[in-house]
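Residue-level structure breakdown
Next come the chains, spelled out residue by residue.
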Amino acid sequence: MEALLTSLADTALAEWVRLSRWGYAAINALHVLGIALLIGAIIALDLRLLGWRKRLPLQELGRLLQPVAVAGLLLAMATGALLFLADPSGYAAMPLFLLKLALIALAIANALLLNLGPGLAHATPRRLLVAGLLSLLLWPAVLLAGRMLAFVDG
């Protein structure tokens with residue numbers, strides 16, 4: 001594993017990310033934008049799953065917000081991978097980073113189980129409630145873990 005991390009750190013792209021002040025700042029800004037799109041869309045949808053604003057049709061809201069959430073997730077993941085290149089061995093050794101990855105995996109699994117299973121249209125009210133609660137716990141936890149990475153060494 002260390003050989004893979006070292007080879008990633010030795011790429012020209014990783015060197016550019018580490019050394020380009022404006023490049024790193026731009027990637028970081030895009031990462032924050034991706035997170036904002038993701039969390040903003042997810043929170044709105046989760047609140048509806050929990051029963052808030054029941055007059056808003058869930059399927060229509062889902063069709064509106066899911067593409068925004070997916071675009072935010074893809075942008076955050078792509079830019080996160082670039083940020084990871086700045087110090088692959090350092091990030092891989094941080095328990096907080098590994099926790100963040102695990103939380104992301106759980107949050108994505110929760111969304112996939114809801115959308116690939118019965119879907120929003122056929123899910124029971126209990127399933128919607130559980131999915132919304134899990135999402136409201138997991139995605140902010142991802143956000144907090146990621147933010148803490150800038151301030152905590154381990």
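Residues numbered from 1 in each chain as written. Predicted model: local features only at pLDDT ≥ 70, side-chain atom pairs only at ≥ 80, totals over all residues. Heavy atoms only, no water.

Quick notes on helix α4 (residues 58-84)
Which entries qualify depends on this criterion: Elements are defined by DSSP. Helices are runs of H or I of four residues or more, strands are runs of E of two residues or more, and each kind is numbered from the N terminus. Given the number of residues in a helix, its expected span is that number minus one, multiplied by 1.5 Å. Burial here depends on accessible area, computed with a 1.4 Å probe over protein chains only, as a share of the maximum for the residue type. Under 20% is buried, over 50% is exposed, and the range in between is partly exposed. The contact criterion used throughout is that any non-hydrogen atoms of two residues lie within 4.5 Å.
For α4, with 27 residues, the first-to-last C-alpha span of 36 Å sits near the 39 Å given by 1.5 Å per residue. Within α4, burial applies to L58, L61, G62, L65, A69, G72, L73, A76, T79, L83 and F84. Turning to α4, the residues buried within the fold contact α1 (2-9), α3 (21-49), α5 (88-92), α6 (95-116), α7 (119-122) and α8 (125-148).

Describing the packing of α6 against α8
Selection criterion: A fitted line through C-alpha atoms represents every axis, and for helices the fit uses only the stretch in contact; the resulting angles, taken between N-to-C directions, go from 0 to 180 degrees. Oblique is the label for any angle not covered by the other classes, which are roughly parallel (under 35 degrees), roughly antiparallel (over 145) and roughly perpendicular (65 to 115). If you view the pair so one helix is near and one far, a crossing is left-handed when the near helix is turned anticlockwise from the far one by less than a right angle, and right-handed when it is turned clockwise. Gly is placed with the polar residues, together with every amino acid not listed as nonpolar (Ala, Val, Leu, Ile, Met, Phe, Trp, Tyr, Cys and Pro) or charged (Asp, Glu, Lys and Arg).
Where α6 meets α8, the closest approach of the two axes is 9 Å, and the angle between their N-to-C directions is 155 degrees. Taken together, α6 and α8 sit at an angle that is classed as roughly antiparallel. Where α6 crosses over α8, the two elements pack in a sense that is left-handed. Mapping the contact onto sequence places L96, K100, L103, I104, L106, A107, I108, N110, L113 and L114 in α6 and R127, L128, A131, L134, S135, L138, W139, A141, V142, A145, G146 and M148 in α8. Per-class residue counts for the contact of α6 with α8 are 17 nonpolar, three polar and two charged.

Details of the layout of surface pockets
Condition: A 1.4 Å probe that fits into a set of points on a 1 Å grid over the protein atoms alone but cannot get out defines a cavity; an open set with protein on both sides within 12 Å along at least five of seven lines defines a pocket, and lining residues are those with an atom within 4 Å of a point. Grid points are joined across faces, edges and corners, and a volume is the space filled by probe spheres set on the points.
Considered as a void within the structure, the largest pocket measures approximately 750 Å³ in volume. As for the largest pocket, its lining consists of 27 residues, and the residues nearest its centre are H31, I35, G80, K100 and G146. When residues of the lining of the largest pocket are traced back to their parent elements, those giving at least two are α3, α4, α6 and α8. Element by element, the count of residues in the lining of the largest pocket is highest for α3, at eight residues.

Side note on the nonpolar core
Soluble globular proteins: nonpolar side chains tend toward being buried together. Keep this limit in mind: Side-chain atoms within 4.5 Å link the members of a nonpolar core, which is a set of buried Ala, Val, Leu, Ile, Met, Phe, Trp, Tyr and Cys residues.
Residues L38, L49, L58, L114, L120, L128 and W139 are the most contacted members of the largest nonpolar core, which totals 22 residues. Residue assignment for this core shows that the elements contributing at least two residues are α3, α4, α6 and α8. It is α3 that contributes the most residues to this core, six residues altogether. With residues up to four places along the chain from it excluded, the contact list for L128 reads L49, L58, L114, L120 and A123. Of all hydrophobic cores here, the second largest spans eight residues; its members include M94, L96, F97 and L149.

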